[in-house]
Amino acid sequence: MGIGRSFEEAIQKAIRMMDENLIGFDPYHRAADEKELSQPTDKRLLVLAAALKLDWSLDKLYDLTKIDKWFLYKLKNIIGTYNELESQPSGELPLKLPLSLLTKAKQLGFSDKQIAGAVSSTELAVRTQRQNTNVLPVVKQVDTVAAEWPACTNYLYLTYNGTTSDLAEDPGATMVIGSGVYRIGSSVEFDWCAVQCLRQLRKLGRRTVMVNYNPETVSTDYDECNRLYFDEISFEVVMDIYQIEKPVGIILSMGGQLPNNIAMDLHRQKVRILGTSPESIDGAENRFKFSRMLDGIGISQPRWKELTSLKTAQSFCDEVGFPCLVRPSYVLSGAAMNVANSHKDLEDYLNQATAVSKDCPVVITKFILGAKEIDVDAVAHEGQLICLAVSEHVENAGVHSGDATLVTPPQDLNQETLNKITAICAAIGKHLEVTGPFNMQLIAKDNHLKVIETNLRVSRSFPFVSKTLDYNFVACATRAIVGEPVQPIEVLRGCGRVGVKVPQFSFSRLAGRELCKRRLPTIQ
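Quick notes on the rules
Throughout, residues of each chain are indexed from 1 in the direction in which the sequence is written. Only residues with pLDDT of at least 70 are given local features in this predicted model, and only at 80 or more are side-chain atom pairs given and counted; all residues enter the totals for whole chains, interfaces and linings. Excluded from the side-chain calculation are hydrogens and water; included are all heavy atoms of the structure. Within this scheme a cavity is a closed region of a 1 Å grid, computed over the protein atoms alone, that accommodates a 1.4 Å probe without allowing it to escape, whereas a pocket is open but has protein on both sides within 12 Å along at least five of seven lines; lining residues each have an atom within 4 Å of a point. Grid points are joined across faces, edges and corners, and a volume is the space filled by probe spheres set on the points. Elements are defined by DSSP. Helices are runs of H or I of four residues or more, strands are runs of E of two residues or more, and each kind is numbered from the N terminus. Each residue receives one of three labels: charged for Asp, Glu, Lys and Arg, nonpolar for Ala, Val, Leu, Ile, Met, Phe, Trp, Tyr, Cys and Pro, and polar for the others, Gly being one of them. The split of the chain into domains comes from an automatic or database domain assignment. Any carboxyl oxygen of Asp or Glu within 4 Å of a side-chain nitrogen of Lys or Arg constitutes a salt bridge here. Working definition: with a 1.4 Å probe on protein chains only, accessible area under 20% of the residue-type maximum means buried, over 50% means exposed, and in between means partly exposed. Here the rule is simple: two strands pair whenever DSSP picks up at least two bridges between them. Every axis corresponds to a line fitted to the C-alpha atoms, with the helix fit spanning only the stretch in contact, and the corresponding angles, defined between N-to-C directions, vary from 0 to 180 degrees. Here a crossing is taken to be left-handed if its near helix is turned anticlockwise relative to the far helix by less than a right angle, and right-handed if that turn runs clockwise. In what follows, residue pairs with any heavy atoms lying within 4.5 Å of each other are defined as contacts. Two cysteine sulfurs form a disulfide in these notes if their separation is within 2.5 Å.

1. A short note on empty space enclosed by the protein
Tallied over the entire structure, the rule returns three cavities of 30 Å³ or more. Taken together, 17 residues line the largest cavity, and the ones lying closest to its centre are Lys13, Tyr160, Glu232, Glu236 and Val237. Within the residue set of the lining of the largest cavity, elements represented by two or more residues are α1 (7–18), β2 (155–159) and α10 (235–245). A per-class count over the lining of the largest cavity returns five nonpolar, four polar and eight charged. Domain assignment of the residues forming the lining of the largest cavity places at least three in each of domain 1 (7–135) and domain 2 (139–274).

2. Some words on the pattern of salt bridges
One pass over the structure, following the stated rule, counts 25 salt bridges. Lysine 140 is the salt-bridge partner of aspartate 166, the closest N and O atoms lying 3.3 Å from each other. Placement of aspartate 166 in the loop between β2 and β3 (174–177) and of lysine 140 in strand β1 (residues 138–141) is noted, with a sequence separation of 26 residues between them. Its salt-bridge partner being lysine 372, residue aspartate 412 comes within 4.0 Å of it at the nearest N-O pair. Linking aspartate 412 in the loop between β14 (406–408) and α17 (415–431) with lysine 372 in strand β12 (residues 372–381), this pair joins segments that are 40 residues apart in sequence. Residue aspartate 412 is classed as exposed on the basis of its relative accessible area, which comes to 54%. When salt bridges with common partners are traced through the structure, they connect Lys106, Asp112, Arg127, Arg130, Glu236 and Asp240 into a single cluster.

3. Concerning the sheet that holds β1
Strands sit in the order β1-β2-β5-β4-β3-β6-β7 across an open sheet of seven strands; the sheet is mixed. Unpaired on one side and paired on the other, β1 and β7 (273–274) mark the two borders of the sheet. Where β1 and β2 come together, four bridges link them in antiparallel fashion. If you follow glutamine 141 over to β2, its bridge partner there is leucine 156.

4. Here we look at the domain arrangement of the protein
Taken domain by domain, the protein holds domain 1 (7–135), domain 2 (139–274), domain 3 (303–366) and domain 4 (372–507). On a C-alpha basis, the centroid separation for the pair domain 1 and domain 4 is 43 Å.

5. Topic: unusual backbone geometry
A cis amide bond links phenylalanine 322 with the next residue in sequence, proline 323, at an omega value of 0 degrees. Locating proline 323 in the fold gives a position in the loop between α15 (310–320) and β9 (324–327). Note that the residue after threonine 408, namely proline 409, is joined by a cis bond; omega there is -10 degrees. Phi at lysine 66 is positive, roughly 60 degrees, even though this residue is not glycine. You can see lysine 66 is positioned in the loop between α4 (58–65) and α5 (69–86).

6. What to know about the packing of α5 against helix α6 (residues 99–107)
α6 packs onto α5 with a crossing angle of 145 degrees between their chain directions and a minimal axis gap of 11 Å. For the crossing formed where α5 meets α6, the hand is left-handed. Residues Thr81, Glu84 and Leu85 of α5 form the contact with α6, whose participating residues are Leu101, Lys104 and Ala105.

7. Thoughts on the state of the cysteines
Working definition: the covalent bond between the sulfur atoms of two cysteines is a disulfide. All chains considered together, the criterion is met by zero disulfides. The closest cysteine sulfur to the non-disulfide-bonded cysteine 197 is located on cysteine 193, 9.3 Å from its own sulfur. With relative accessibility at 0%, the residue cysteine 197 sits in the buried group.

Structural data, given as structure tokens:
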């Protein structure tokens, strides 16, 4: 949900919130097409941007889309500003955009990255000019009382359509970044983790600032935090809020993949990240660095190779034999991760992977058939393992953990295997100097364990293991992150009950089964 003080500002925010790979009302993302305009899909808005860039008349666009002309005029304003930006001299450093144009673009919801693309510059160059010329956002409260009397809420957003902020500075809070949009791979489980983090911080007597933009979440309830910024989870916006709020630091590890994706950018600007360091996050997210690290510390993994060219990828697959797995970096829930069974598959999947992982390596690994997949959720403090939970997949490896049937505590793993898993988890946590939550995935075949990946953040199974084992992993992780004392605890064996997680909408896999729903106790 994008909030602004003009339609243009709000719609551009909302587009970026929907997909972090979109920069706004982008006329270059899709091609103009009459059929796509007249037969609505979720992509039609960006097709409309392309048509406006080609100067299609508003009458024609109205006839095709039946979108009210008020909205078409507003969207045309955005494209008109695109044209003004593209007419400026490109590639100049330091950037010297006319102040009136820069201000206008920001008031119409253009992000720094969006402006940079239009003038062939960089996001940081645009940010530097903004700060040097005092083109800065102000903080406004959401009016929840329809202007009947002054609003006194902690619902906040940033806007460039204002001159003063509604709230005074109150430095020293702890800033938590939420999970953003719900979609395949990122859902309510991450919000549960963010809320448990906020509640634990409150118990510890710490003021909290939450950044999230999904109205369906509990983390955006007015009574969960001291200040809620209903705004984008991007480098630009998080930096702006950080400079306005002056918090003691930012917790990134509770919101899933989206906060992790901006960790290194924030780190380069000297932002204080609480918990695991951004360098360690990058060491796990970057497929090449992580695979090389496992080799260096002697932990087994499927055979792998970094993508350098299609030819070398094909040679690797011929050497190890198909099937092979294509794995991009910094993605959630297996985005563009595919099993290739032929050279044609390989070429198609590599194109997809490099599209979503433009600036980070793509790695190809041997896909092992007939193996069992194992999930590990853990918490560490300064590299020392505090607690862990092991969940086994019912299905063979290849079904994503979000779609798989998970069982914890594991019912089909012997003590020797559990000891090996614990040792591997402890070694990785120590090498990456983890402070906070992390998740690890392994495969087991013929009593051999191989590590697939590690994510230095919460996972979608953290609520599941916390409730089943009756131990709040997120509360423990939060205490570790803020430097409160935490003691190692044995929760691997559970508390006498077994939890089974089944995908809610996989009806075809549940045909003929009688399901009994029993609500697990809520952890406060």
